[in-house]
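Descriptive structure summary
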Amino acid sequence: MTAMTQNDYSALTPPQVGRWSPSLSVSVVVPSHGGPHLDLTLAALAAQTYPEHLMEVVVVDDGSAPPIELPEIRPVNTRIVRVTDGWGISHAVNTGVKAADGEIIQRLDSDMVAGREHIEAMARWHHVSDYVVSIGMKRFVEKPPLTPAQVFGAARLGELFDLASAVPSSTEATIEKTDGLRKSRNPYHVCTGPTFALPREIFHAVGGLDPHVLRGEDTEFAYRLAMHGVVFVPEPLAEAVHLGLPAQHRDRERAVRVVEPFLAHRIPLRRDLRKDRGRRWLVPYVEIVLDVTDTSESTVRQAVAAALDGKVQDVVVTLVGPWSRMSDERRSVLGDPCFELRVMRELYAHDERIRMIDEAAPTPAPTPFRYVGPVDVPLHKATLERMIESVQKDLTGVLVVDLPDGRTARLERTSALARARLLAEPCADLDEIIEVTHGVRHEPPDRFWPAPAAPKPVSIPAPPPARHAGAHVPAQAEVRAAPQLSRATPEVRCPGSDLALERAFHRGGEGGAQALLDPSRRGELTA
């Protein structure tokens, strides 16, 4: 496979539309509730240039009443499946993909009319790479009076709709500003519409759409695709119109409010949605992995406390150790060879921020970052914050901090690690691949483990010159330096040397000072 850098797909050369012979099968999954425009959607799909023997359409009836029936004009390989468990777009899409046979899954809404070359233009990218997600274009139009026959017979969308007055998708401006997403920092943002295509294996690998997300389900799914290492490719030749304006135009305030909690819990990179201090989120920002095998409980306690007390609070701590091999059979509680591990397990068993596993997962997805370092080198409060700042400047894949004793601590970007796994042959060095796709940087520890601030110097005034017996001692000579002297202690004036009084305090406290002042008791100082 071709190793692409970040989201730059320039290395790929897809075949020209109309001048190639496709070989991969495509399943177009169309979720529908009621399906008022389904007849137009299927008429447009029946006119596609993609070979009909390589294309099937799976219409998913999401609880329509009455049940959906297929119209007369439709693709040859079209069938209906019905949702039997749950409701909503995510349930419907997952149901359709489960029933689909195609190697490529094309998602399309039942209120969209696709141009004749839509499926072909999207699918050509998947013939040159098996880890891309192609994104189709769409514009919003009010539905004119049309028949399925008119849609089927039109050579171009411009024959059916006034495209000059159509409302463009907000994602098209983002695509243009970022050189077709090649320079986008978060390209998953534009994969929000109901026309995208991806390999079926990747759909299942990331778990499909989340049925608990009722709004913003495409964005959340696209984020997990990004954490899987895919490259997002917008396809301008894949034109389509959406019949009717989007929900944001009808009630923007509610549309924004309803989606925010779903995305706040599931997309840690949306830092703007996680401003509430002290909160716990479904998907953490950073996973901190510590190998605690053969480590004392006190060392682990210190490391965990430091991990949870940093400036970056949105974390989960993973303690790697032989937990599953610890038998619960009768044993000597105090003489147990696994004594330290058992104390640790009981200490952290009920803290939801701490997980105990035998082996770290290949990637921390959907968590976007993972820190791995020696358990006996506790994190500084600023360590994670500064490491993330460092890698976010240029989207570096891995930051390696070279510790003074020859060991290393590292911050891994999940999307880079996942990309390397998609590209790697067995036993390959993943860092070598990440160096090509995202970059690996080494830095010294000083910035990430800053040294404690040096204490300010303390000025000790020189003792005043000795005074003759009977000389008046001004108020400034009152004793203040002795730590044993409480604020309630009466002021003591030294008839002789201040130095002698100070020594008396150190040797005998307040009583020593009184002995110095009383000539009849000075013998107590040498007792």
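Residues numbered from 1 in each chain as written. Predicted model: local features only at pLDDT ≥ 70, side-chain atom pairs only at ≥ 80, totals over all residues. Heavy atoms only, no water.

**Details of the environment of Val133**
What counts is decided by this rule: Put simply, DSSP marks the helices as runs of H or I at least four residues long and the strands as runs of E at least two long, and each gets a number from the N terminus on. Residue contacts are defined here by distance: any two heavy atoms, one from each residue, within 4.5 Å place the two residues in contact.
By the secondary structure assignment, Val133 is in strand S6 (residues 132–136). In contact with Val133, not counting residues within four places along its chain, are His126, Cys191, Phe196, Ala197, Leu198, Leu225, Val230, Val231, Phe232 and Val233.

**Notes on the sheet that holds strand S18 (residues 440–443)**
Inclusion rule: The pairing criterion is simple: DSSP has to find at least two bridges between the two strands. Only the contacting stretch of a helix is used when fitting its axis, a line to C-alpha atoms as for every element, and angles between N-to-C directions run 0 to 180 degrees.
One open sheet accounts for seven strands, arranged S14-S13-S12-S15-S17-S16-S18; its pairing is mixed. The two strands at the open ends of the sheet, each matched to only one other strand, are strand S14 (354–357) and S18. Strand after strand, the sheet turns through a mean of 20° between neighbouring axes, direction not considered. Across four bridges, the pairing between strand S16 (residues 398–402) and S18 is parallel. Its bridge partner being in S18, Val401 is matched across the sheet by Glu443. Of the strands in this sheet, strand S12 (286–291), strand S13 (315–320), strand S15 (369–372), S16, strand S17 (408–413) and S18 are in contact with helix H12 (residues 383–394), which crosses S17 at around 50°. Sheet strands in contact with helix H13 (residues 414–423) are S15 and S17, and its direction is about 85° off that of S17.

**Topic: the sheet that holds strand S3 (residues 78–82)**
Taking strand neighbours across the sheet as the criterion, the seven strands line up as S3-S2-S1-S4-S9-S6-S10 in an open arrangement whose pairing is mixed. The two strands at the open ends of the sheet, each matched to only one other strand, are S3 and strand S10 (231–235). In this sheet, neighbouring strand axes are inclined to one another by 25° on average, regardless of whether the strands run parallel or antiparallel. Where strand S2 (residues 55–61) lies against S3, five bridges are found, and the strand directions are parallel. Residue Val59 lies in a different strand from S3, and its bridge partner there is Ile80. This element, helix H7 (residues 217–227), spans strand S4 (104–108), S6, strand S9 (195–199) and S10 of the sheet and lies at about 30° to S9.

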